[in-house]
Amino acid sequence: MIGFFDSGFGGLTILKEVEKILPDYSYIYLGDNARTPYGNLSQEKIYQYTHQGVDELFRRGANLVVLACNTSSTMALKRLQQEYLPGNHPDKKILGIIIPTAEEMIRAKNIGVFATQATVSSCVYRAEIAKFNPRANVFQQACPALVPIIEVGNFAQLESVVQRYVEELFEKSAEIDTIILGCTHYGIIENIFRMYIPDKIKIVLQGEIVTDKLRKYLNNHPEFRDRLKRAKKKIFLTTGNSPHIQQLAELFYGEKIDLEVVKL
Ligand code: DGL
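As the structure is a computational prediction, the values presented were derived from the model and not from experiment.

A. Structural view of the site of the ligand. Residues in contact with the ligand amount to 14 residues; listed here are only the nearest, Ser7, Tyr38, Thr71, Thr184 and His185. Between Thr71 and the ligand, the recorded distance is 2.6 Å, taken from a side-chain N or O atom to an oxygen atom. Between the ligand and the protein, one listed contact pairs a nitrogen atom with a side-chain N or O atom of Thr184 at 2.7 Å. In the shell around the ligand, the residues fall into 5 nonpolar, 8 polar and 1 charged.

This is how it looks when you write it as structure tokens:
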């Protein structure tokens, strides 16, 4: 199975895109909704929570886990790959979403990044984009208020908050030509960002990027790909148990799902 992990349900929008192009595989999703948002937590806490989530996905049969969360990819991916996988699951893989997104920036000149506080403070996008496009300028805007509002499904409140963040980013540069929505929760409110971002500016969404990278990864690693079940099975897990959790999951995923509540 291919696993997807996020601090909440933002990663469901990524899984949805992946399934369109790779429909035959079996997928298992885990959202740590009980402890979201991760974006304002310490690096150690984000590592610890992501570690527990990945462990659970491996325990339930995933051979490959995509961290469909920029914050976990930033704060936990490298350490999980270097310290946890070799001694515990040398035959399994964990992939992140920052580098695939940075790789897409080869032609951009002035890039705006909206992300969580943890992702922005790490400056990971600046560092990774510089490897592919050293002349690009990267302007960052942390949006700490967004994930808590999105995770309760209170979208009506969002317009003025998004407008403020967009204005703050454009105060840093009026020359921005490309915007990265660098938090998987933001894809679902792309239309609200678009209300305040002129049409001539490209907004990059991570669902298509991750799908493309995953497809290429599986093609380039046939020995690994052939170990993944293609039974079209889907399992959805969450640590959250608020009364509206089912409704929220379906809002992100766009269709009815069987949601199982787990403890990490
Ligand atoms: N979806 C996560 C990301 O991409 C949200 C982070 C959070 O929980 O604050 O960064």
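Here the narrative resumes, following the displayed structure.
B. Examining the side chain of Asp32 more closely. As for its position among the elements, Asp32 is in the loop between strand S2 (27–31) and helix H2 (43–59). Reaching out from Asp32, the side chain makes a polar contact with the side chain of Tyr38 at a distance of 2.5 Å. Those residues in contact with Asp32, other than ones at most four positions away along the chain, are Phe5, Asp6, Ser7, Gly8, Tyr38, Tyr49, Thr239 and Leu264.

C. Fine view of the nonpolar core. Core analysis: the largest hydrophobic core is formed by 53 residues, its most contacted members being Ile2, Phe4, Phe114, Leu146, Tyr186 and Phe193. Broken down by element, the residue count for this core peaks at 6 residues, all from helix H9 (residues 158–172). Residues Ile28, Leu77, Leu85 and Ala118 belong to the second largest nonpolar core, which totals 25 residues.

D. Structural context of the pairing of strand S6 (residues 137–142). Most of S6 is tucked away, with 5 of its 6 residues classed as buried. Sheet topology places strand S5 (residues 110–115) next to S6; 6 bridges connect them, and they run parallel. Following the sheet pairing, Ile111 is matched in S6 by Val138.

E. Representation of the pairing of strand S7 (residues 178–181) within the structure. A two-sided burial pattern is seen for S7, the buried positions comprising Thr178 and Ile180 on one face and Ile179 and Leu181 on the other. Judged from the 4 bridges that link them, S5 and S7 form a sheet pairing that is parallel. Its bridge partner lying in S7, Phe114 is registered against Leu181. As judged from the 3 bridges shared by S7 and strand S8 (residues 202–204), these two strands associate in the parallel manner. Residue Thr178 lies in a different strand from S8, and its bridge partner there is Lys202.

F. Main features of the packing of aromatic side chains. Counted by the stated rule, this structure contains 9 aromatic pairs. Look at Phe4 and Tyr27: their rings are 6.1 Å apart centre to centre, the planes differ by 55°, and that puts the pair in the tilted class. Of this pair, Phe4 sits in strand S1 (residues 2–6) while Tyr27 sits in strand S2; the two residues are 23 residues apart in sequence, bridging distant segments of the chain. Each member of the pair, Phe4 as well as Tyr27, is classed as buried.

G. Structural view of the side chain of Thr50. Within the secondary structure layout, Thr50 lies in helix H2. Note on Thr50: relative accessible area 0%, which makes it buried. Separated by 2.6 Å, the side chain of Thr50 and the backbone oxygen of Ile46 make a polar contact.

H. Seen up close, the packing of helix H1 (residues 10–21) against helix H11 (residues 206–220). H11 packs onto H1 with a crossing angle of 45° between their chain directions and a minimal axis gap of 8 Å. By the angle between their axes, H1 is oblique relative to H11. Helix-helix and strand crossings are classified by hand; for H1 and H11 the assignment is right-handed. Contacts from Ile14, Glu17, Val18 and Ile21 of H1 reach H11 at Gln206, Gly207, Glu208, Val210, Thr211, Leu214 and Arg215.

I. Structural detail: the sheet that holds S6. Here 4 strands make up an open sheet; going across it, the order is S6-S5-S7-S8 and the pairing parallel. If you trace the sheet from one side to the other, it starts and ends with S6 and S8, each paired once. Taking each pair of neighbouring strands and ignoring which way they run, the sheet shows an average axis angle of 20°. Each of S5, S6 and S7 is contacted by helix H7 (residues 124–132), which is oriented at about 160° to S6, the strand it contacts most.

The rules we used
Residues numbered from 1 in each chain as written. Predicted model: local features only at pLDDT ≥ 70, side-chain atom pairs only at ≥ 80, totals over all residues. Heavy atoms only, no water. Near = heavy atom within 4 Å. Polar contact = N/O pair within 3.5 Å; in protein donor to acceptor, adjacent residues only side chain to side chain. Nonpolar A, V, L, I, M, F, W, Y, C, P; charged D, E, K, R; others polar. Helix = DSSP H or I, 4+ residues; strand = E, 2+ residues; numbered from the N terminus. Contact = heavy atoms within 4.5 Å. Core = buried A, V, L, I, M, F, W, Y, C linked by side-chain atoms within 4.5 Å. Buried < 20%, exposed > 50% of the residue type's maximum accessible area, 1.4 Å probe, protein only. Pairing = 2+ DSSP bridges. Phe/Tyr/Trp six-rings, centres within 6.5 Å; stacked < 30°, edge-to-face > 60°. Axes fitted to C-alpha atoms, helices over the stretch in contact; angles between N-to-C directions. Parallel < 35°, antiparallel > 145°, perpendicular 65-115°, else oblique. Left-handed = near helix turned anticlockwise from the far one by under 90°.

By themselves, these observations are geometric and do not establish any function.
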